[in-house]
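# Coordinate inspection notes
One letter stands for each residue in the lines below.
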Amino acid sequence: MDIQKIMVIGAGQMGAGIAQVCAVSGFHVFLNDINQEGLDKGIESIEKNLSRQVAKERMSTEQKQAAIDRITPVLNLEEASGVDLVIEAAIENMEIKSNIFAELDSIAPSHTILATNTSSLPITEIAAATNRPEKVIGMHFMNPVPVMKLVEIIRGLATSDEVFDLIEDLTKKLNKVPVEVNDFPGFVSNRILIPMINEAIYTVYEGVATPEAVDDVMKLGMNHPMGPLTLADFIGLDTCLYIMEILHDGFGDDKYRACPLLRKYVKAGWLGRKSGRGFYIYD
């Protein structure tokens, strides 16, 4: 099968980024969101990102416009009836994702592959909402999508080799690096990253060091480009907590217990950059 038309569900930061890289790579993209405001914000962010690329002389004005012209904003899922691949990038919630996949299963042609950008939820469970589990797969892009090269390709229990090979090849066409991962809580990236962030939060909670000191140790001592607490604020503390809870539930191991300080910040609405305050204060 030759993948030509792609639907991306969710026009937020991740979905818009995925739509952008697909369009730049020559694919026609239907970008879907549940409301017009979300769609408008998604298209606006894509245009801003591409304008920066033009300003840096990494693409021409013509290439930018061609990419934008390949993106069609849509408010319903019916356009899935004419696509070869759907990449879902909706909110990280199993019930919502399962409902989306069940609906897509009834709309999309039998050949259509259904992929999810979930960062931690089990692919096998999402696939169970469909009658085509062999055509369901995980494509976990990293944030920010246009910049980061990695895509974790996650097989569900029933994912076919043919579907895996097609998605691996597509990922390379998007100028990304595919890495095969099996279906375990948090996959590889978040199973390692989020507990590290959680441990960094514990060092602040226990009074070992300030957030600034923790970040300096990891940047200057471990050569990390960004400290774990700065990164936590960038990801969103509510997202970090949610993934820790998925790891804790999935493995039943106390080493994945979320730090009480992380819970306190989330309850206070201190979610990081998006709320203006987390471990640091943002204007």
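The shown structure was predicted, so the numbers you read here are calculated from the model rather than taken from an experiment. (Residues numbered from 1 in each chain as written. Predicted model: local features only at pLDDT ≥ 70, side-chain atom pairs only at ≥ 80, totals over all residues. Heavy atoms only, no water.)

Following both chains from N to C, one finds helix α7 (residues 189–205) and helix α9 (residues 228–235) inclined at 115°, their axes separated by 9 Å at the closest point. α9 is crossed by α7, and the crossing has left-handed handedness. Along its contact with α7, which presents Leu193, Ile194, Met196, Ile197, Ala200, Ile201 and Val204, the element α9 presents Pro228, Leu229, Leu231, Ala232 and Ile235. (Axes fitted to C-alpha atoms, helices over the stretch in contact; angles between N-to-C directions. Helix = DSSP H or I, 4+ residues; strand = E, 2+ residues; numbered from the N terminus. Left-handed = near helix turned anticlockwise from the far one by under 90°. Contact = heavy atoms within 4.5 Å.)

In this section: the sheet that holds strand β8 (residues 177–181). Spatial strand order, β3-β2-β1-β4-β5-β6-β7-β8: eight strands in an open sheet with mixed pairing. What marks the edges here is a single partner per strand, and that holds for β3 (71–74) and β8. Strand-to-strand twist in this sheet, taken as the mean axis angle between neighbours without regard to direction, amounts to 25°. Pairing of strand β6 (residues 136–141) with strand β7 (residues 150–155) involves five bridges; the strand directions are antiparallel. Bridging across to β7, methionine 139 finds its partner in isoleucine 153. Set on the sheet, helix α1 (residues 13–24) makes contact with β1 (5–9), β2 (28–32), β3, β4 (85–88) and β6; between it and β2 the angle comes to about 170°. Where helix α2 (residues 36–55) meets the sheet, its contacts fall on β2 and β3, and the angle it forms with β3 comes to roughly 160°. (Pairing = 2+ DSSP bridges.)

UniProt records the feature "domain: 3-hydroxyacyl-CoA dehydrogenase NAD binding" (unreviewed entry) for residues 5–183 in the present numbering. Here residues 5–183 is 41% helix and 22% strand, with 27 Å between the C-alpha atoms at its ends. (UniProt positions renumbered as here; feature names shortened; annotations may be inferred.)

Overall, the coordinates contain 13 salt bridges when judged by the stated rule. Between lysine 135 and glutamate 134 there is a salt bridge, with the nearest N and O atoms lying 3.8 Å from each other. Counted as one network, the salt bridges with shared partners bring together Glu88, Glu92 and Lys97. (Salt bridge = Lys/Arg side-chain N within 4 Å of Asp/Glu carboxyl O.)

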